[in-house]
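# Observations on chain architecture
Next come the chains, spelled out residue by residue.
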Amino acid sequence: MSAHAPAGLARTEMVCPKTIAEACAVLAQAHRDKRAASLLAGGTDVIVDRHLMPIEKARPLDLVVDLTGVDELTAISERDVAGERHLVFGGGVTYWQLRTDRRVLAAIPMLDAMAKDVGAVQIQTRGTLAGNIATASPAADGVPALMALDGVVKLVSEGGARTVPLDQFFLAYRKTVLAAGELIAEIDVRVPLPGARVTWRKVGTRLAQAISKVALAGVIEEERGTITRARFGVASVAAVTHPLGGVRALAEGKTFKALDRATVDAAIDLEIKPIDDVRSTGAYRLHVAKALVWRALAP
Amino acid sequence: MIRFKVNGTVRETDAPPMARLLDVLRVPLGLTGTKEGCGEGECGACSVMLDGVPVNSCLVAVGQCEGREVVTVEGLAHGAELTPLQRAFIEDGGAQCGICTPGMLVAAEALLRRNTSPTDDDVRDAIAGNLCRCTGYQRIVDSIQAAAAAVRAKTSKASKASKAGGETGA
Ligand SMILES: Cc1cc2nc3c(=O)[nH]c(=O)nc-3n(C[C@H](O)[C@H](O)[C@H](O)COP(=O)(O)OP(=O)(O)OC[C@H]3O[C@@H](n4cnc5c(N)ncnc54)[C@H](O)[C@@H]3O)c2cc1C
Ligand code: FES
Ligand code: FES
């Protein structure tokens with residue numbers, strides 16, 4: 001007796017490359033051969049999707065490229081960019097790594113708080129940052145956190161590499177700039193300065209295994225009372241994770257005292273139009289998003 | 001052929017690489033201790049350890065396990081000798097109908113292997129992905145804490161004994 005595979009995957013071939021270059025070569029070849037190929041990391045989005053998919057709707061996949069054996073993708077390293085400290089996460093870094101890596105815990109405790117809010121331990125040990133980004137769910141938790149940290153993704157293909165700031169990565173609901181043959185090799189984030197006000201707040205129905213109604217990440221830095229940096233990522237309030245560029249423009253260069261709640265709220269109204277769905281209402285989401293942004297800004 | 005270690009023994013399967021680890025464990029390998037609750041990562045009934053960390057086997061493709069090491073609930077006890085967690089679940093009412101118990105034991109085992117002095121919050125975090133419809137969770141938390149205490153008692157006894165041994169030797 002054998003075991004079945006989820007919809008459309010019974011005849012799928014699997015390749016397990018050991019390096020990013022190998023993975024890119026396999027992807028490129030599949031593309032040239034017109035084979036339907038997909039990357040697979042923790043499987044916490046892909047396999048659930050396939051499992052729930054009606055069999056008649058499932059487009060069969062010819063090839064899956066398993067990335068869990070690519071060690072380069074699970075590295076966490078440090079780099080100095082123009083005198084500022086950055087951390088670089090391989091695309092295959094898991095939430096569990098964020099929760100247990102000493103450097104991350106010391107430099108950016110917000111990522112630990114975010115990771116703890118993702119699903120539960122069994123999801124955190126498998127789910128990866130690149131998987132979260134590539135899935136492009138507007139309710140993703142990793143994405144807003146990385147966005148507030150000025151995340152920049154490095155996309156690699158057989159032909160070369162390019163970098164894209166996370167706030168330009170998402171084009172529309174579940175549409176991204178990722179091209180066929182490309183994979184997310186790295187995510188670079190800037191470590192907030194000591195003394196920065198760093199916020200992570202996920203509002204959901206229960207602490208574990210809940211999709212957010214609203215989630216907000218924020219990084220506020222000040223120099224002698226003037227806000228020098230106000231970066232955000234907000235989830236579940238628009239078709240894509242939103243950077244709230246209007247609030248950033250309003251706040252940077254001002255003291256907190258010079259800001260007033262009504263003006264900030266008006267800026268938020270211009271940027272996001274949250275919808276009603278099974279998890280919450282648009283009105284509640286907007287109310288919560290405004291309150292969270294204000295709290296993130298306030299000393 | 002996909003080859004990987006299950007509970008210490010190398011096993012092989014000719015299942016398609018995208019077959020779920022859960023199905024391979026239960027059907028061709030006959031290890032039915034691992035349960036399917038939801039099939040979508042929410043309930044934890046299918047928890048196993050993969051290279052020492054707890055995962056939901058309904059979300060792992062068996063092809064991803066090539067060369068790796070899986071421990072299921074069947075692999076926890078040493079023959080007839082139960083683990084402290086298994087004993088505590090029996091003695092302290094951590095198991096009622098039992099459907100969540102294999103997953104709970106695996107998740108809790110993973111916790112105790114990294115932390116033998118967990119707070120109740122640590123315990124609840126470790127089993128937050130394991131649903132139980134019977135116990136109300138408190139008895140499970142108590143069982144895990146009782147097992148942790150038993151493990152600590154055993155290690156402190158062992159280290160005292162080895163210290164005492166060291167002193168006589170010196
Ligand atoms: C029970 C449950 C609870 C969850 N809870 C949360 C939650 O609280 N918050 C949250 O944000 N998410 C949650 N998720 C969703 C999911 O766990 C995350 O989005 C996770 O980060 C996905 O990563 P993965 O490695 O499992 O992706 P996979 O499922 O392996 O892949 C997802 C997509 O990314 C692509 N991909 C993977 N790696 C790369 C790469 N390196 N480059 C380019 N593309 C790539 C794949 O081709 C696929 O399209 C939950 C899922 C489940 C099942
Ligand atoms: S069956 Fe795997 S988590 Fe429910
Ligand atoms: S003991 Fe019945 S579900 Fe937990």
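Just so we're clear, the structure is a prediction, and the values are computed from it rather than from any experiment.

### Some remarks on the overall build of chain B
Secondary structure summary: chain B contains 5 helices and 5 strands in total. Sequence-ordered secondary structure for chain B, helices as α and strands as β, is β-β-α-β-β-β-α-α-α-α. Oriented by its inertia axes, the alpha-carbon framework of chain B measures out at about 60 × 40 × 25 Å. Relative to its 170 residues, chain B shows a buried fraction of 49%. A fraction of 56% describes how many contacts in chain B between residues 6 or more apart in sequence connect residues 24 or more apart. Total accessible area computed for chain B in this model is approximately 7,600 Å², and 51% of it derives from carbon and sulfur atoms.

### As for the domain arrangement of chain B
All names here are of chain B. Each assigned domain of chain B is listed here: domain 1 (1-75) and domain 2 (78-164). Using C-alpha coordinates to define each centre, domain 1 is positioned 22 Å away from domain 2. Listed per partner, the contact involves 12 residues of domain 1 and 12 residues of domain 2. Contact between domain 1 and domain 2 buries roughly 1,000 Å² in total, counting both sides, with carbon and sulfur atoms accounting for 67%. Summed over the shared surface of domain 1 and domain 2, the result is 0 salt bridges. On the surface where domain 1 and domain 2 come into contact, there are 4 residue pairs in polar contact (both at pLDDT 80 or more). By residue number, the principal contributor to the side of domain 1 that touches domain 2 is strand β3 (residues 47-50), which donates 3 residues. Each residue belonging to the side of domain 1 that touches domain 2 can be placed in one class, and the counts come to 6 nonpolar, 4 polar and 2 charged.

### Structural notes on the pattern of salt bridges
This structure, assessed with the given rule, holds 25 salt bridges over all chains. For Asp-125 of chain B, the salt bridge goes to Arg-99 of chain A, with nearest N and O atoms at 2.8 Å. Of this pair, Asp-125 of chain B sits in helix α4 (residues 120-126) while Arg-99 of chain A is found in helix α3 (residues 95-100), placing the two residues in two different chains. Pair check on accessibility: Asp-125 of chain B and Arg-99 of chain A agree, each one buried.

### Some details on the domain arrangement of chain A
Taken domain by domain, chain A consists of domain 1 (2-66), domain 2 (71-190) and domain 3 (197-297). Using C-alpha coordinates to define each centre, domain 1 of chain A is positioned 36 Å away from domain 3 of chain A.

### Some points on the sheet that holds strand β13 (residues 226-235) of chain A
Residue and element names in this part refer to chain A. Overall, antiparallel pairing links the 3 strands, which are arranged β11-β12-β13 in an open sheet. Each edge of the open sheet carries a strand with a single partner, namely β11 (197-203) and β13. Each strand axis lies, on average, 10° off the axis of its neighbour in the sheet, ignoring direction. Bridge analysis of strand β12 (residues 214-223) against β13 gives 9 bridges, and the strand direction is antiparallel.

### Quick word on the sheet that holds strand β1 (residues 13-15) of chain A
Residue and element names in this part refer to chain A. If you trace the 3 strands from one edge of the open sheet to the other, you get β1-β3-β2, paired in parallel fashion. Only two strands of the sheet have a single neighbouring strand rather than two, namely β1 and β2 (37-40). Put simply, the sheet's adjacent strands are angled 25° from each other on average, direction ignored. Both β2 and strand β3 (residues 63-66) contribute to a ladder of 4 bridges, which runs parallel. For Ser-38, the partnering residue across the bridge sits in β3 and is Val-64.

### A short note on a negative patch on the surface
A surface patch of negative charge is lined by Glu-91, Asp-92, Asp-120, Asp-121 and Asp-142 of chain B. Counting through the fold element by element, Asp-120 of chain B comes out in helix α4.

### With respect to the interface of chain A and chain B
In this complex, chain A contributes 37 residues to the contact, which on the side of chain B involves 38 residues. With both chains or domains summed, chain A and chain B bury close to 2,900 Å², and 60% of this area falls on carbon and sulfur atoms. Considering only the surface of chain A that becomes buried against chain B, Ala-3, Gln-122 and Arg-126 of chain A emerge as the three largest contributors, covering 21% of it. At the surface where chain A touches chain B, the tally comes to 10 residue pairs in polar contact (both at pLDDT 80 or more). In terms of residue count, helix α2 (residues 46-52) of chain A provides more of the side of chain A that touches chain B than any other element does, 4 residues in total.

Conventions we followed
Residues numbered from 1 in each chain as written. Chains lettered and ligands numbered in written order. Predicted model: local features only at pLDDT ≥ 70, side-chain atom pairs only at ≥ 80, totals over all residues. Heavy atoms only, no water. Helix = DSSP H or I, 4+ residues; strand = E, 2+ residues; numbered from the N terminus. Buried < 20%, exposed > 50% of the residue type's maximum accessible area, 1.4 Å probe, protein only. Contact = heavy atoms within 4.5 Å. Areas by Shrake-Rupley, 256 points an atom, 1.4 Å probe, with all protein chains shown as cover. Domains from an automatic or database assignment. Buried area = accessible area lost by both parts, 1.4 Å probe. Salt bridge = Lys/Arg side-chain N within 4 Å of Asp/Glu carboxyl O. Polar contact = N/O pair within 3.5 Å; in protein donor to acceptor, adjacent residues only side chain to side chain. Nonpolar A, V, L, I, M, F, W, Y, C, P; charged D, E, K, R; others polar. Pairing = 2+ DSSP bridges. Axes fitted to C-alpha atoms, helices over the stretch in contact; angles between N-to-C directions. Patch = residues over 30% accessible without salt bridge, like charges linked within 9 Å, V, L, I, M, F, W, Y side chains within 5 Å. Lys, Arg positive; Asp, Glu negative; His and termini not counted. Charge placed at Lys NZ, Arg CZ, Asp CG, Glu CD.

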